[in-house]
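Coordinates in review
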Number of protein chains: 2
Amino acid sequence: MTALTADELTTSVEDYLKAIYAITRQGHPATTSEIAHWLNLSPPSVSGMVKRLAEQGLLEYQPYKGVELTAKGRRGALTILRRHRIIEAYLVERLGYSWDSVHQEAERLEHAVSEVLIERMADALGNPEFDPHGDPIPRPDGSMAEATSTPMPDIEVGQEGVLHQVRSNDAEQLRFIASVGLKPGTVFTVVAQQPFHGPTTIRIGDTEQVIGHELGSLLRCEVSGEQG
Amino acid sequence: MTALTADELTTSVEDYLKAIYAITRQGHPATTSEIAHWLNLSPPSVSGMVKRLAEQGLLEYQPYKGVELTAKGRRGALTILRRHRIIEAYLVERLGYSWDSVHQEAERLEHAVSEVLIERMADALGNPEFDPHGDPIPRPDGSMAEATSTPMPDIEVGQEGVLHQVRSNDAEQLRFIASVGLKPGTVFTVVAQQPFHGPTTIRIGDTEQVIGHELGSLLRCEVSGEQG
DNA sequence: TAGTAAAATTAGGCAACCCTAAATACGGCA
DNA sequence: TGCCGTATTTAGGGTTGCCTAATTTTACTA
Ligand SMILES: [Mn+2]
Ligand SMILES: [Mn+2]
Ligand SMILES: [Mn+2]
Ligand SMILES: [Mn+2]
């Protein structure tokens, strides 16, 4: 009776769905330890929860084989993702948050807002397609814009690029990226690229910055042309 | 260790503090059944929780005698009340909510917003002193404006009044009040007042409305003068 | 194909909260 | 003063979610 009627997901469940969605985006089922690591929980906690989620029909679970979301689970994940990203956009646009500080606030609010509030925020912003990190905002029907963009280290030396998307939720990483003058929309030129996963050197305006490969891979850019 | 460091209160605890604050405003300790009724819980649940809150130093509890908030508990209650009322004000001012529909949304959001967000919302609104229902918004230091105002049934026939405050959280009551054309700020004239807790008849613009005594008592007004 | 290290699950617990049923305390009245 | 109804607490349970320690499974390697 509860399972059929209650459409409400708990905060924990919503965060699990988001995590599993993010992990499985990479093309493989989410393993227990990946989920545990993502959510900062112990593997046994994940094992237990995953069983409950499977019972609720939110994911398919094969012991020792990892999990994948069902259509219902994916719908849930996309709903929360929409909430999260609209909240982030709203906080930045209307309440003066910096793009590298909104994530935490959204992480809590996403579980407390109503559908009505989300749609009002979206309307107030003109129904944006991307959040402040360049992540596409799922539409109410679950579809979303796909930003096909290039990791910064893959851009050839001499090319000019625009940073589109920062694929990180880590506050320290985001703060660091912001501190070197990068944010979605920033235009830069690749000055040098070390081989063997070495760092990328870029010029932003008249300052040069060196970005390690690990961080650089999270920066998704559009190549905007040759630079004399 | 947990009790001393962790300043975070759970959603439940925050709602208990608000309830107890509201009840004890009336001048007497809050009884178990009053709290249970206010929060829609069973008395045993309240008995149990109240013990936990006393251990956390949020209230003083004498079995069978009711509870009263400690200074710490009152601080907590006022913090949530500030959050709740600023959220209500923001939703009405900036996101097009009607004053009779914001309460529920605020009831959830109040537990999820950070101090930073609340202060940004308050700043965006110019640090208002009252929420959309006319309730005073506690300031960060815990002080608040005191609206000394008159219950509608106490206004003499022929007097003009301004509705200042609607002392109800009940969605149906609020909707009804809104439906007869009343909201904080509405000017009206008392046309008739039945004795023995009978209804009040008022004129708003050119329509007359009859308000029962129970509802009328929740409507706090300022008498603005004689009306020819 | 046996051996093993890593990954995952099971076992056993705990804290927060809520509930119903049963027992008990309180306060007013006869 | 003693009885009685009401308010309150205690007893006993349930769910969600998280944890550590122990066990089991898997997959890889020798
Ligand atoms: Mn979250
Ligand atoms: Mn984002
Ligand atoms: Mn609440
Ligand atoms: Mn209010």
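A short tour of the structure in this document, coming up. Residue indices begin from 1 for each chain and proceed along its sequence in written order. Think of it this way: whatever chain is written first is A, whatever ligand is written first is 1, and the rest follow in order. The predicted nature of this model means local features are confined to residues of pLDDT at least 70 and side-chain atom pairs, given and counted, to a pLDDT of 80 or more, with totals for whole chains, interfaces and linings taken over all residues. Processing note: side-chain calculations cover all non-hydrogen atoms of the structure and skip hydrogens and water entirely.

Considering the relation of the copies chain B and chain A
A residue counts toward the fit only if its pLDDT is at least 70 in both copies, and the copies are then superposed by least squares on the C-alpha atoms of those residues. With an RMSD of 0.1 Å, the fit of chain B onto chain A corresponds to turning through 180° and sliding 0.0 Å along the axis. Accordingly, the operation relating the two chain copies is best matched by a two-fold axis. Counting the interface residues of chain B, we find that 100% of their copies in chain A are interface residues as well, pointing to one common contact surface. Whether two residues are in contact is decided by their heavy atoms: any pair within 4.5 Å suffices.

A closer look at the coordination of the manganese ion (ligand 2)
Residues and elements named next belong to chain A. In this listing, donors mean N, O and S atoms no farther than 2.8 Å from the metal, or 3.2 Å for Na, K and Ca; water is missing from the atoms, so a site can look incomplete. With distances of 2.1 to 2.3 Å, the protein atoms coordinating the manganese ion (ligand 2) are E88 (OE), D131 (OD) and H133 (ND1). The sequence motif formed by the donor residues of the manganese ion (ligand 2) is E-x42-D-x1-H. Here H133 lies in the loop between α7 (115-124) and β3 (150-151) and E88 lies in helix α5 (residues 71-95), a separation of 45 residues in the sequence. Using a relative accessible area of 2% as the deciding quantity, one classes H133 as buried. Strands are runs of DSSP state E lasting at least 2 residues, helices are runs of H or I lasting at least 4, and numbering of each runs from the N terminus. Each residue is assigned to one of three classes by its accessible area relative to the maximum for its type, calculated with a 1.4 Å probe on protein chains only: buried under 20%, partly exposed between the two thresholds, exposed over 50%.

Thoughts on the sheet that holds β3(A)
Residues and elements named next belong to chain A. Taken in spatial order, the six strands of this open sheet run β3-β8-β4-β5-β6-β7, and their pairing is antiparallel. If you trace the sheet from one side to the other, it starts and ends with β3 and β7 (207-211), each paired once. The pairing criterion is simple: DSSP has to find at least two bridges between the two strands. Of the strand pairs in this sheet, β3 and strand β8 (residues 219-226) are connected by two bridges, and their pairing is antiparallel. By the bridge assignment, P151 is partnered in β8 with R220.

Let's talk about the protein's contact with DNA strand C
Proximity criterion: a residue is near a molecule or strand once any of its heavy atoms comes within 4 Å of it. As a structural note, the neighbourhood of DNA strand C is formed by 21 residues, with A:S33, A:S47, A:Y61, B:T10 and B:S45 the closest of them. Expressed as a percentage, the sugar and phosphate content of the atoms of DNA strand C within 4 Å of the protein is 78%. Between DNA strand C and A:T32, the relevant distance is 2.9 Å, taken from a phosphate oxygen to a side-chain nitrogen or oxygen of the residue. Polar contacts here mean pairs of N or O atoms no more than 3.5 Å apart (in protein, one a potential hydrogen donor and the other a potential acceptor; neighbouring residues in sequence count only if both atoms are side-chain atoms). A distance of 3.2 Å is found between a sugar or linking oxygen of DNA strand C and a side-chain nitrogen or oxygen belonging to B:Y64. Of all the elements in the fold, those that place two or more residues in the surface near DNA strand C are α3 (32-39) and α4 (43-55) of chain A together with α2 (11-24) and α4 (43-55) of chain B.

Describing the coordination of the manganese ion (ligand 1)
The protein atoms that coordinate the manganese ion (ligand 1) are A:D15 (OD), A:E107 (O), A:E107 (OE), A:E110 (OE) and A:H111 (NE2), at distances spanning 2.0 to 2.4 Å. For A:D15, a relative accessible area of 17% translates into the label buried.

A word on the protein's contact with DNA strand D
Lining the immediate environment of DNA strand D, one finds 20 residues, of which A:T10, A:S45, B:S33, B:S47 and B:Y61 sit closest. A share of 78% is what sugar and phosphate atoms reach among the atoms of DNA strand D within 4 Å of the protein. A distance of 2.3 Å separates a phosphate oxygen of DNA strand D from a polar side-chain atom of A:T10. Those elements that provide at least two residues to the surface near DNA strand D are α2 (11-24) and α4 of chain A together with α3 (32-39) and α4 of chain B. Residues are sorted three ways: Asp, Glu, Lys and Arg are charged, Ala, Val, Leu, Ile, Met, Phe, Trp, Tyr, Cys and Pro are nonpolar, and all the rest, Gly among them, are polar. Considered class by class, the residues forming the surface near DNA strand D number 10 nonpolar, eight polar and two charged.

A closer look at the packing of α2(A) against α4(A)
Residue and element names in this part refer to chain A. Between α2 and α4, the least distance of the axes is 11 Å, while the angle of their chain directions is 95°. Classed by the angle they form, the pair α2 and α4 counts as roughly perpendicular. Here S12, V13 and Y16 of α2 come into contact with α4, specifically with S45, V46, M49 and L53. By residue class, the composition of the contact of α2 with α4 is five nonpolar, two polar and no charged. The axes are straight lines fitted to the C-alpha atoms, using for helices just the contacting stretch, and the angles between their N-to-C directions are given from 0 to 180°. In these notes the angle categories are as follows: under 35 degrees is roughly parallel, over 145 is roughly antiparallel, 65 to 115 is roughly perpendicular, and the rest is oblique.

Some points on the side chain of B:H103
With respect to the helices and strands, B:H103 occurs in helix α6 (residues 102-109). If near-sequence neighbours (up to four positions away) are discounted, B:H103 is found in contact with B:H84, B:E88 and B:N169.

So, the interface of chain B and chain A
Interfaces are often sized by the amount of accessible area the parts lose when they come together. Every contact between the two is made by 17 residues of chain B and, on the other side, 17 residues of chain A. Each of two parts loses accessible area, computed with a 1.4 Å probe, when they are put together; buried area is these two losses added. Of the roughly 1300 Å² buried between chain B and chain A on both sides combined, carbon and sulfur atoms contribute 59%. In this assembly, chain B and chain A are joined by 11 residue pairs in polar contact (both at pLDDT 80 or more). Of all the elements in the fold, those that place two or more residues in the side of chain B that touches chain A are α5 (71-95), α6 and α7 (115-124) of chain B. Sorting elements by how many residues they give to the side of chain B that touches chain A places α7(B) first, with five residues. Residue classes in the side of chain B that touches chain A are distributed as 11 nonpolar, two polar and four charged.

Things to note about the sheet that holds strand β8 (residues 219-226) of chain B
All names here are of chain B. What the six strands build is an open sheet, ordered β3-β8-β4-β5-β6-β7; its pairing is antiparallel. The open sheet has two edge strands, β3 (150-151) and β7 (207-211), and neither has a second partner. Pairing analysis gives seven bridges linking strand β4 (residues 159-166) to β8, with the strands arranged antiparallel. Residue L163 lies in a different strand from β8, and its bridge partner there is C221.

Considering the pattern of salt bridges
All names here are of chain A. A carboxyl oxygen of Asp or Glu within 4 Å of a side-chain nitrogen of Lys or Arg is what we treat as a salt bridge. Scanning the entire structure with this criterion turns up 16 salt bridges over all chains. Here E129 makes a salt bridge to R139, at a shortest N to O gap of 3.1 Å. Residue E129 is located in the loop between α7 and β3, and its partner R139 is located in the loop between α7 and β3; the two are separated by 10 residues in the primary sequence. On the accessibility criterion, E129 (33% relative accessible area) is partly exposed. With a relative accessible area of 32%, R139 lands in the partly exposed category. Here the salt bridges do not stand alone but share partners, grouping E14, R83 and E115 into one network.

Regarding the pairing of strand β1 (residues 59-62) of chain A
All names here are of chain A. Taken together, the four bridges between β1 and strand β2 (residues 66-69) define a ladder with antiparallel strand orientation. Each residue of the ladder has a partner; that of Q62, found in β2, is G66. The hairpin turn running from β1 into β2, its antiparallel successor, is three residues long, and Y64 in that turn takes a positive phi close to 75°.

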